[in-house]
Amino acid sequence: LQSPIGERSGNSSHREALKAKKEREEAKERQREEESKKKEEQAKARAAEAKARAEAAAKAQKEREDARERQRAQDANRKEVEAIFFGSGDEEVATANNDKAAGPPKGVPVLSKWRKNSDGSISGIISGSLAYDDGDAISTSPLKGEAISGSVV
């Protein structure tokens, strides 16, 4: 036979066991929630890193495209300036009965007030150019040939 004290003691032990079990379950649930939050944060971090990489790649691509466009513009400008000094192959010849030169061929820009620099480049004022405004001061890259005043080269 058990005494009433023993019964109370048994119920108390049972309650304590249930309480301990509940606390363990709550602890496990908190741990699962923490792990879930941690995984979510890691996923967000990976997504942010991927976005940053994509943005950096897009920026690098744009910079490459801009550089190519600048190079194309520089090449076009160089060709135009070279046409001023070396000719474009479309030169018109002044007639024999005309004492003055016929002027530049149509579409060939003119460089005036020019001077040859010590590095072999030419600096002057351009007009008739599609790439430059009339009156812009320009300098060429060093020339391989000679530039003679009044000539179409």
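In case you missed it, the structure is sitting above this.
Given the structure is predicted, the values throughout are model-derived calculations rather than measurements. (Residues numbered from 1 in each chain as written. Predicted model: local features only at pLDDT ≥ 70, side-chain atom pairs only at ≥ 80, totals over all residues. Heavy atoms only, no water.)

A. The overall build of the protein chain, seen in detail. When its secondary structure is counted, the protein chain shows 1 helix and 3 strands. Helices and strands in the protein chain line up, N terminus first, as α-β-β-β. Within the span of the protein chain, comprising 153 residues, buried residues form 15% of the whole. Contacts in the protein chain between residues at least 24 apart in sequence constitute 38% of all its contacts with a sequence separation of at least 6. Within the structure as shown, the protein chain displays about 12,300 Å² of accessible surface, and the carbon and sulfur contribution to it stands at 50%. (Helix = DSSP H or I, 4+ residues; strand = E, 2+ residues; numbered from the N terminus. Buried < 20%, exposed > 50% of the residue type's maximum accessible area, 1.4 Å probe, protein only. Contact = heavy atoms within 4.5 Å. Areas by Shrake-Rupley, 256 points an atom, 1.4 Å probe, with all protein chains shown as cover.)

B. Molecular detail of the environment of Ser112. Position of Ser112 relative to the elements: it lies in strand 1 (residues 110-116). Given the relative accessible area of 31%, Ser112 is considered partly exposed. Separated by 25 residues in sequence, Ser112 and Ala137 have C-alpha atoms that sit 9.6 Å apart. Sequence-distant contacts of Ser112, defined by excluding residues within four places in its chain, comprise Gly124 and Ile125.

C. Main features of the sheet that holds strand 2 (residues 122-127). Taken in spatial order, the 3 strands make up an open sheet running 1-2-3, and their pairing is antiparallel. Two strands bound the open sheet, and with one partner strand each, they are strand 1 and strand 3 (136-139). Direction aside, neighbouring strands of the sheet carry axes that sit 25 degrees apart on average. Strand direction decides the pairing type here: strand 2 and strand 3, joined by 4 bridges, are antiparallel. Pairing of Ile126 across the sheet is with Asp136, part of strand 3. (Pairing = 2+ DSSP bridges. Axes fitted to C-alpha atoms, helices over the stretch in contact; angles between N-to-C directions.)

D. Local environment of the pattern of salt bridges. Evaluated as defined, the whole model comprises 4 salt bridges. With a closest N to O distance of 2.9 Å, Arg32 and Glu29 form a salt bridge. Of this pair, Arg32 and Glu29 both sit in helix 1 (residues 4-86), 3 residues apart, which is roughly one turn of that helix. The exposure class of Arg32 is partly exposed, given its relative accessible area of 47%. (Salt bridge = Lys/Arg side-chain N within 4 Å of Asp/Glu carboxyl O.)

E. Structural detail: the environment of Trp114. With respect to the helices and strands, Trp114 occurs in strand 1. With relative accessibility at 26%, the residue Trp114 sits in the partly exposed group. Considered as a pair, Trp114 and Ala137 are 23 residues apart in the sequence and their alpha carbons are 9.4 Å apart.

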